[in-house]
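# Descriptive analysis of the structure
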Amino acid sequence: MDKVVDLIKQGKIREIFETAFFIGQWLYGFAAICLYELLNPFVELAFGRQYLFERSVVMILCLNFFINGTRKAVLTFRDSMGLFWFDRYKALAEAALNLVLSILLVRQYQTLGVFIGTFLSTILTSVWVEPFVLYRRRLHLPVHRFYLRYLLYAVCVGAVWIVTDLVCGLAEGSPLTVLLIRLPLCVVLPNLLFFMAYGRTKEWKRVLERLRRIEWVRLHPVSYTHLRAHETVLDL
């Protein structure tokens, strides 16, 4: 019986983690796309054209933002389960790689090289080590499932990013005009494309179910309290 309960808990933890990772990649993918399309028009409008970043620099900054954002689900579960001990040397390896790669790349690519070094050091260490520890030490599942899911999400975000960039590139005029045109496009288009890609997935259905539950609790707080009390009595 204990083994059955453990399996149920294990499945529940995996389900919550997969849902959290799904939400994270959607939100951070959407935010990264918005930053890429809106940052330079805003900087030009607010501070002047002389302060604009090169598009390549903005791109790598947004990629770093997306990668670090999608790590948050893994880090949250890892830390809450006390698994940080198992990848304690990861930070040292990442820092060393970051330093070496940045020094090598800055000679040829200047500022861009530093950001590329940061991106590569994260990909070569944290992106694969952290989920490996979580899946190996707590979820007890093959980690390649996570890597494959991560790759599929990254491809989807990349495709949505390209389409959004092509559409936003059609905006012309003053910085204010470009910003006003791109802003609604960035809010609507990526989320519409994400919905088209994920609308039938089990992760999206879980998110909808949780949203419905939150709305039901908001409308029926007393009923929810009684329900939870009843469930607690049954558990006892």
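Here, every reference points to the structure presented above.
Notes on the structure follow. This one's a predicted model, so the numbers in the text were calculated from it and none came from an experiment.

### Concerning the overall build of the protein
For the protein, the count of helices and strands is 10 helices and zero strands. Mapped in sequence order, the helices and strands of the protein form the string α-α-α-α-α-α-α-α-α-α. Taking the intrachain contacts of the protein between residues at least 6 apart in sequence as the baseline, contacts between residues at least 24 apart amount to 74%. In the structure as shown, the protein presents an accessible area of about 14,600 Å², 69% of it carried by carbon and sulfur atoms.

### Quick look at the packing of helix H6 (residues 126–139) against helix H7 (residues 144–168)
Packing of H6 against H7 leaves a shortest axis separation of 9 Å and a crossing angle of 140 degrees. By the angle class used here, H6 and H7 are oblique. Handedness of the H6/H7 crossing: right-handed. When H6 is examined against H7, the residues Val-127, Trp-128, Pro-131, Phe-132 and Tyr-135 are found in contact with a partner set consisting of Phe-146, Tyr-147, Arg-149 and Tyr-150. Looking at the contact of H6 with H7 residue by residue, the classes come out as eight nonpolar, no polar and one charged.

### Here's the deal with the packing of H7 against helix H8 (residues 175–198)
In contact at an axis separation of 10 Å, H7 and H8 are set at 145 degrees when each is read in the N-to-C sense. Crossing of H7 against H8: the hand is right-handed. On the side of H7, the interface is formed by Tyr-153, Cys-156, Val-157, Val-160, Val-163, Thr-164, Val-167 and Cys-168, while H8 contributes Arg-182, Leu-185, Cys-186, Leu-189, Pro-190, Leu-193, Phe-194, Ala-197 and Tyr-198. The residue makeup of the contact of H7 with H8, split by class, is 15 nonpolar, one polar and one charged.

### Let's talk about the packing of aromatic side chains
Tallied over the full model, the rule gives 21 aromatic pairs. On the basis of an interplanar angle of 85 degrees and a centroid distance of 5.7 Å, the ring pair of Tyr-153 and Tyr-198 is categorised as edge-to-face. Remark: Tyr-198 occurs in helix H8 and Tyr-153 occurs in helix H7; sequence separation between them is 45 residues. With 6.0 Å between their ring centres and 10 degrees between their planes, Phe-194 and Tyr-198 make a pair best called stacked. Of this pair, Phe-194 and Tyr-198 both sit in helix H8, four residues apart, which is roughly one turn of the helix. For the pair Phe-194 and Tyr-198, a shared accessibility class is recorded, and that class is buried. A cation over a ring is seen here: Arg-88 above Trp-85, with NZ or CZ 3.9 Å from the ring centre.

### Here's the deal with the nonpolar core
Counting 46 residues, the largest nonpolar core has Phe-17, Phe-22, Leu-134, Phe-146, Trp-161, Phe-194 and Tyr-198 as its most contacted members. No other element matches helix H1 (residues 2–47), which puts 11 residues into this core. Leu-134 has contacts with Phe-17, Val-74, Phe-77, Arg-78, Met-81, Leu-83 and Leu-139, leaving out every residue within four places of it along the chain.

### Section: the pattern of salt bridges
Taken as a whole and assessed by the stated rule, the structure comprises 12 salt bridges. Of the charged contacts in the structure, one is a salt bridge between Arg-149 and Glu-203, with a shortest N-O distance of 3.8 Å. Placement of the pair is Arg-149 in helix H7 and Glu-203 in helix H9 (residues 202–219), with a sequence separation of 54 residues.

### Some details on helix H2 (residues 55–70)
Residues lying three or four places apart along an α-helix face the same way, a consequence of the helix completing one turn every 3.6 residues. Given a rise of 1.5 Å per residue, 16 residues ought to cover 22 Å, and the 22 Å separating the end C-alpha atoms of H2 matches this to within 8%. Taken as a whole, H2 has its buried residues at Val-57, Val-58, Ile-60, Cys-62, Asn-64, Phe-66, Ile-67, Gly-69 and Thr-70.

The rules behind these values
- Residues numbered from 1 in each chain as written.
- Predicted model: local features only at pLDDT ≥ 70, side-chain atom pairs only at ≥ 80, totals over all residues.
- Heavy atoms only, no water.
- Helix = DSSP H or I, 4+ residues; strand = E, 2+ residues; numbered from the N terminus.
- Contact = heavy atoms within 4.5 Å.
- Areas by Shrake-Rupley, 256 points an atom, 1.4 Å probe, with all protein chains shown as cover.
- Axes fitted to C-alpha atoms, helices over the stretch in contact; angles between N-to-C directions.
- Parallel < 35°, antiparallel > 145°, perpendicular 65-115°, else oblique.
- Left-handed = near helix turned anticlockwise from the far one by under 90°.
- Nonpolar A, V, L, I, M, F, W, Y, C, P; charged D, E, K, R; others polar.
- Phe/Tyr/Trp six-rings, centres within 6.5 Å; stacked < 30°, edge-to-face > 60°.
- Buried < 20%, exposed > 50% of the residue type's maximum accessible area, 1.4 Å probe, protein only.
- Lys NZ or Arg CZ within 6 Å of the ring centre and 35° of its normal.
- Core = buried A, V, L, I, M, F, W, Y, C linked by side-chain atoms within 4.5 Å.
- Salt bridge = Lys/Arg side-chain N within 4 Å of Asp/Glu carboxyl O.
- Expected span 1.5 Å × (residues − 1).

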